[in-house]
Amino acid sequence: MNPCAICLGGMGAGGGQAIFTAECSHTFHFHCISASVEHGNLLCPLCNAQWRELPFVRPPASMPPTQPPPPPPSVDVVQPAHPRRVRTHSVDPVVFDDDEQVTPPDGRRQAGAASDEAVVVKTHIHYSAIARDSSDDNFAVLVHLKAPGITGSGTEAAGDAPAQRAPVDLVTVLDVSSSMHGSKLALLKQAMRFVIDILGPDDRLSVVSFSSRARRVTRLTRMSDAGKALCVRAVESLTARTGTNIAEGLRTAARVLDERRYRNGVSSVVLLSDGQDNYTPMRQAFGRGLPNYAALVPPSFARTGTGAGDRATPVHTFGFGNDHDAAAMHAVSEATGGTFSFIENEAVIQDAFAQCVGGLLSVVVQEARLAIQCLHPGVRIGSVKSGLYESRVDEDGRAASIVVGELYADEERRFLLFLVVPRAEATDGDVTALIRVNCLYRDAAAGADVNVTGEDTVVARPEHAVDAERSVEVERERVRVEATEDMAAARAAAERGGHQEAVEILENRRGAVAQSDAARGGDPMIVALEIELRDMRRRVSTRQNYARSGRASMLAGMSAHMQQRGSSSQLQLPSVIAFHDGAVTTTAATHQVLQQAATLPYATPAMLAMLLRSRRAREASAASGQRQPGAPEGAQGSEPTVPKELN
């Protein structure tokens, strides 16, 4: 039963008290809200919306007898608001500038003051040497970045203790269409209660719901005890309605962030939907009948590639079940720099949110850019393999740049460069200087600009190089990049109906991955990659399989690999994940872990720690044997069974 937001008392049927339902769909005891209005409070206590109609306020006893008597308290009556007191316009404020003030920077602990660590920049060359009289037009160099960690243990990053980090402004955009009715909505509410619980007092949350129209359920509110209680009540008030208007939900989220008066250092949006937008016209693109999903993305969310666009708010999308529009959700995430996750098993929605928010609560680097400069006058940069990260090579090939953006604590990025290396001259000495890599970024917590320069990358130039050592790091990245490219090729084949062609592409790549030195050496990432390719092959084998889960699975996998960021696709949290001496550990064989989480190698310690916290919370809930708050009566038996390995 939803409590009254004013007195927190229950509002069940047959309770003997009249109920007032406002235009914004929030409900209150009639006597509670009428007393509140009588004292001059003319906004919704939950979402701050101004009402066009107010609950009838009992007139004073001195009113002339000709005035009709007030209705009995058991009748739910509304009357128009006085025009001089409340403006008659839409339920939501004209401008969403009612966000709660953030904590002043000098009033909170800063990660920058607690650690002198910076981004680590390293390079690896494919071969340790090139013979002096030889040239190489495709010499691979790996640029490797690793973000600093957050001061404190992994459990602190997960929220068990206050973490010294940048606070977050988070907007959750939730599908409450009719298909979410029942156990789905109950699980969504459970997941949102977990998200509210793990946010810190300096973080702010706004909840937006959408069906045929979008509604800002709560303003951007600090997650103090009072703020958390308000947001929990708001989430519990959500009910399923008809229609799915994803674009309107995102536009409302954009307004919340664009029109706020105050700003935390990190901003992000989480979008969940189990259906397809049936309100937004998708203009046909290129005359080939392809939907233009850009119509779903508000202009302020889209990356522009300019300096201002680097701070665009990422939208992390979650496709729920087998009926959502995976292509649309993937397009939204790709356009904004977010991740797309496919939640096939609705039982793990809380874990999916946990992994995502665990990363958002550990952002340490913003606006990161790499600048690569050639050193030897004969060296040129031929190409850059950077996935979804924007890269550019100068016309003369002497310099290149990569826009990296945000990094979570301990997160890594790897980029392959292919260089043209000339024959060594007599004056070149024993080595050829190849490139110098510079990383410029903003410390998310301290707000300071940082500039890090890696060591110059050189290659030895002996007379003969038959015994040149090959880099395992470069080989590993080459295998990963080629597999990601074949995923895209297989997806394109499946989209045009070539399912057998897609199967062959994935099977050939799986075999190549299995035969690579990295796989034979037991590299966890490559072993997981082989497992993922095998699963994708099954999902694209027929038109039915591809439509049911193959498209979503492939797009989610491509999103993870092309951004090198852990997503929640096919999430199977191993019960063997635990903490030991403040670090995330596993106690099972590597292949057992990887069979349960193909994208686990991208997950950071903070993300894994939050997953562990989510699993513990669900275990505690299951052990209590109580129906989850917000679940509809009779929904206990309809909720999906949680797989054994998740409990």
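In what follows, the accompanying structure is described. None of these values were measured; they are calculated from a predicted model. Residue positions are given per chain, counting from 1 as you read along its sequence in written order. Side-chain atom pairs in this predicted model are given and counted only at pLDDT of 80 or more, local residue features only at pLDDT of at least 70, and totals for whole chains, interfaces and linings cover all residues. Remark: hydrogens and water are excluded; side-chain values derive from all non-hydrogen atoms of the structure.

## Describing the packing of aromatic side chains
- Between the rings of Phe, Tyr and Trp (Trp by its six-membered ring), a pair exists once the centres lie within 6.5 Å; its type follows the angle of the planes, with under 30 degrees stacked, over 60 edge-to-face, and the other angles tilted. For the coordinates displayed, the defined rule picks out two aromatic pairs.
- When the centroid spacing of 5.8 Å and the interplanar angle of 80° are considered together, the rings of Y389 and F415 count as edge-to-face. Of this pair, Y389 sits in the loop between β17 (380-385) and β18 (391-393) while F415 sits in strand β20 (residues 412-421), and the two are 26 residues apart along the sequence. Note on accessibility: Y389 and F415 belong to one class, buried.
- When the NZ atom of lysine or the CZ atom of arginine is within 6 Å of a ring's centre and also within 35 degrees of its normal, the charge is said to sit over that ring. The positively charged end of R216 is found above the aromatic ring belonging to F96, 4.3 Å away from the centroid.
- Between R255 and the ring centre of F96, over which it is positioned, the NZ or CZ distance is 3.9 Å. Strands here are runs of E lasting at least two residues and helices are runs of H or I lasting at least four, both read from the DSSP assignment and numbered beginning at the N terminus. Exposure categories follow from relative accessible area, calculated using a 1.4 Å probe and restricted to protein chains: below 20% of the type maximum is buried, above 50% is exposed, and the middle band is partly exposed.

## Thoughts on the packing of helix α9 (residues 472-495) against helix α10 (residues 499-515)
- Their axes nearest at 7 Å, the elements α9 and α10 cross at an angle of 170°. Comparing their axes, α10 and α9 come out roughly antiparallel. Residues V479, E482, A483, D486, M487, A489, A490, A493 and A494 of α9 lie in contact with α10, whose contacting residues are H499, E501, A502, I505, L506, R509 and V513.
- Across the contact of α9 with α10, the residue classes break down as 11 nonpolar, one polar and four charged. Every axis in this analysis is a line fitted to C-alpha atoms, fitted for helices over the stretch in contact. Angles between the N-to-C directions lie between 0 and 180 degrees. Should an angle lie under 35 degrees it is considered roughly parallel, over 145 roughly antiparallel, and from 65 to 115 roughly perpendicular; all remaining angles are considered oblique. Residues are treated as being in contact if the distance between any of their heavy atoms lies within 4.5 Å. Asp, Glu, Lys and Arg are counted as charged, while Ala, Val, Leu, Ile, Met, Phe, Trp, Tyr, Cys and Pro are counted as nonpolar; the rest, among them Gly, fall into the polar class.

## Examining the nonpolar core
- Working definition of a nonpolar core: buried Ala, Val, Leu, Ile, Met, Phe, Trp, Tyr and Cys residues. They are joined through side-chain atoms within 4.5 Å. In terms of nonpolar packing, the biggest core is built from 63 residues, with L188, L205, L272 and F353 touching the most fellow members.
- With nine residues, helix α4 (residues 183-198) is the single largest residue contributor to this core.
- A domain split of this core shows at least three residues from each of domain 1 (1-56) and domain 2 (120-149 + 364-470).
- Those residues in contact with L188 that sit more than four places away from it in its chain are L174, D175, M180, L272, I349 and F353.
- Residues I130, Y389, V404 and C439 belong to the second largest nonpolar core, which totals 36 residues. Where each domain starts and ends comes from a domain assignment, either automatic or drawn from a database.

## Section: α9
- A helix is expected to span 1.5 Å multiplied by its residue count minus one. For α9, spanning 24 residues, the distance from its first C-alpha to its last is 35 Å, which sits close to the expected 34 Å at 1.5 Å a residue.
- The term polar contact refers here to a pair of N or O atoms within 3.5 Å; inside protein, the definition further demands a hydrogen-donor-capable atom paired with an acceptor-capable atom, and it admits residues adjacent in sequence only when both atoms are side-chain atoms. With a side-chain oxygen lying 3.3 Å from the backbone nitrogen of E473, the N-terminal cap of α9 falls on S471.
- Looking one or two places after α9, you find G497, whose phi comes out positive at around 90°.

## A closer look at the environment of V348
- With respect to the element layout, V348 can be found in the loop between β15 (340-343) and α8 (349-360).
- For V348, a relative accessible area of 4% puts it in the buried group.
- Sequence-wise, V348 and R618 are 270 residues apart; in three dimensions their C-alpha atoms are separated by 9.8 Å.

## Here we look at the side chain of H376
- For H376, the position within the fold is in the loop between β16 (363-374) and β17.
- With relative accessibility at 14%, the residue H376 sits in the buried group.
- Side-chain polar atoms of H376 contact the side chain of D428, separated by 3.2 Å.
- Sequence-distant contacts of H376, defined by excluding residues within four places in its chain, comprise R398, P422, D428, T432, A433 and L434.

## Quick look at the sheet that holds strand β5 (residues 120-125)
- Read from one edge of the open sheet, four strands run β5-β6-β20-β17, paired in antiparallel fashion. Both outer strands of the open sheet, β5 and β17, are each paired with one neighbouring strand and no more. Strand-to-strand twist in this sheet, taken as the mean axis angle between neighbours without regard to direction, amounts to 25°.
- At least two bridges found by DSSP between two strands are what make those strands a pair. Here β17 runs beside β20; their pairing, made up of five bridges, is antiparallel. Following the sheet pairing, S383 is matched in β20 by F418.
- Across the sheet, α9 lies against β5, β6 (136-146), β17 and β20, angled at about 100° from β20, the strand it touches most.

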